[in-house]
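Descriptive structure summary
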Amino acid sequence: MLQVREVSAEAVLPIRQKVLRPGKPINACNFEPDLLASSHHFMLFEDEKEIAIASYFKEQHDQFEEEIQYRLRGMAVLPNYHKQGYGKKLLKESLKKLPPRNLLWFNARVKAVDFYKKQGFLPRGQEFEIPGVGLHILMFQKYE
C-alpha cells in the first residue's frame, strides 16, 4: 500500500544523498531551511519501504508577486522506482498536505521538466546552471 507521510528533515537525507548528491558526504545534502518550523518534508512509502522524498520551504522568489509562496526542493525517487508513477503520487499527495499557498515554484533539472509539465507546472525563463548540480529551469504553479 502506498502512503505519503510528513517526516523529519533527517529522514530525507539518505535518499537525497543517493539520488541527488551521489558520492558526496551526507552533510552536503542539508539545505539551509531544512529545520525551519515552516518547512515540510514528505516521504512516499510502499508497505513501509522508503521510495521517494520531497521537501517544501516557505520561500519567496523575486520573479513572482504572490503573497504565500512555497519552494519544492530535493524531490527524488529511488532509481529502482523511476517511471512507475511514484513521483506523481508523491507530488499529488504531498501538495494536499502542504499549507495553503498562492504559488509553488522550484528549479527543475532539465531532464525532469517534461515530468513536471505533465503535472501542470509551467517553465519560466531560460535554462541556467547550478554549479556542481547541472542545468535547471525555473518552474511554477499558481493556486487560487
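Predicted model only: the values in this text are computed from it and were never measured. (Residues numbered from 1 in each chain as written. Predicted model: local features only at pLDDT ≥ 70, side-chain atom pairs only at ≥ 80, totals over all residues. Heavy atoms only, no water.)

Moving on, we come to helix 1 (residues 9–20). The terminal C-alpha atoms of helix 1, which comprises 12 residues, lie 15 Å apart, in line with the 16 Å expected from a rise of 1.5 Å per residue. Restricting attention to buried positions, one finds in helix 1 the residues A9, V12, L13, I15, R16 and L20. Summarising the contacts, the buried residues of helix 1 are in contact with strand 1 (2–7), strand 2 (40–46), strand 3 (49–58), strand 4 (69–77) and strand 5 (103–109). (Helix = DSSP H or I, 4+ residues; strand = E, 2+ residues; numbered from the N terminus. Expected span 1.5 Å × (residues − 1). Buried < 20%, exposed > 50% of the residue type's maximum accessible area, 1.4 Å probe, protein only. Contact = heavy atoms within 4.5 Å.)

Reported here for the largest pocket is a volume of approximately 1000 Å³. Forming the walls of the largest pocket are 33 residues, and the residues nearest its centre are M75, K111, A112, F115 and Y116. Going through the elements one at a time, helix 1, strand 4, helix 2 (86–97), strand 5 and helix 3 (113–118) are the ones with two or more residues in the lining of the largest pocket. Ranked by residues supplied to the lining of the largest pocket, first place goes to strand 4 with seven residues. (1 Å grid on protein atoms, 1.4 Å probe; cavity = no way out; pocket = protein on both sides within 12 Å on 5 of 7 lines; lining within 4 Å. Points joined across faces, edges and corners; volume = space filled by probe spheres on them.)

Across the sheet, seven strands lie side by side as 1-2-3-4-5-7-6; this open sheet has mixed pairing. Each having just a single partner strand, strand 1 and strand 6 (122–130) make up the two edges of the open sheet. Neighbour-to-neighbour, the strand axes of the sheet open up by a mean angle of 25 degrees, direction not taken into account. Pairing between strand 4 and strand 5: three bridges, direction parallel. Its bridge partner lying in strand 5, Q69 is registered against L103. Contacts from helix 1 reach strand 1, strand 2, strand 3, strand 4 and strand 5, with the element oriented near 105 degrees to strand 3. Contacts from helix 2 reach strand 1, strand 2, strand 3, strand 4 and strand 5 within the one sheet, and its direction differs from that of strand 2 by about 135 degrees. (Pairing = 2+ DSSP bridges. Axes fitted to C-alpha atoms, helices over the stretch in contact; angles between N-to-C directions.)

The next point concerns helix 2. Look at helix 2: 17 Å from first C-alpha to last across 12 residues, which is about the 16 Å you get at 1.5 Å a residue. The complete set of buried residues in helix 2 reads Y86, G87, L90, L91, E93, S94 and L95. Tucked inside the fold, the buried residues of helix 2 contact strand 1, strand 2, strand 3, strand 4, strand 5 and helix 3.

Moving on, we get to the nonpolar core. In terms of nonpolar packing, the biggest core is built from 34 residues, with Y56, L72, L90, L91, Y116, F121 and M139 touching the most fellow members. If near-sequence neighbours (up to four positions away) are discounted, F121 is found in contact with L91, L95, L104, F106, Y116, M139, F140, Q141 and Y143. Within the second largest apolar cluster, five residues are counted, among which are F64, L103, L138 and F140. (Core = buried A, V, L, I, M, F, W, Y, C linked by side-chain atoms within 4.5 Å.)

With that settled, consider the pairing of strand 3. By the criterion of burial, strand 3 is predominantly enclosed, with seven of the 10 residues buried. Bridge analysis of strand 2 against strand 3 gives seven bridges, and the strand direction is antiparallel. Paired with H40 across the two strands is Y56, which belongs to strand 3. Between strand 2 and the antiparallel strand that follows it, strand 3, lie two residues; D47 among them carries a positive phi value of about 50 degrees. As paired strands, strand 3 and strand 4 are joined by six bridges and run antiparallel to one another.

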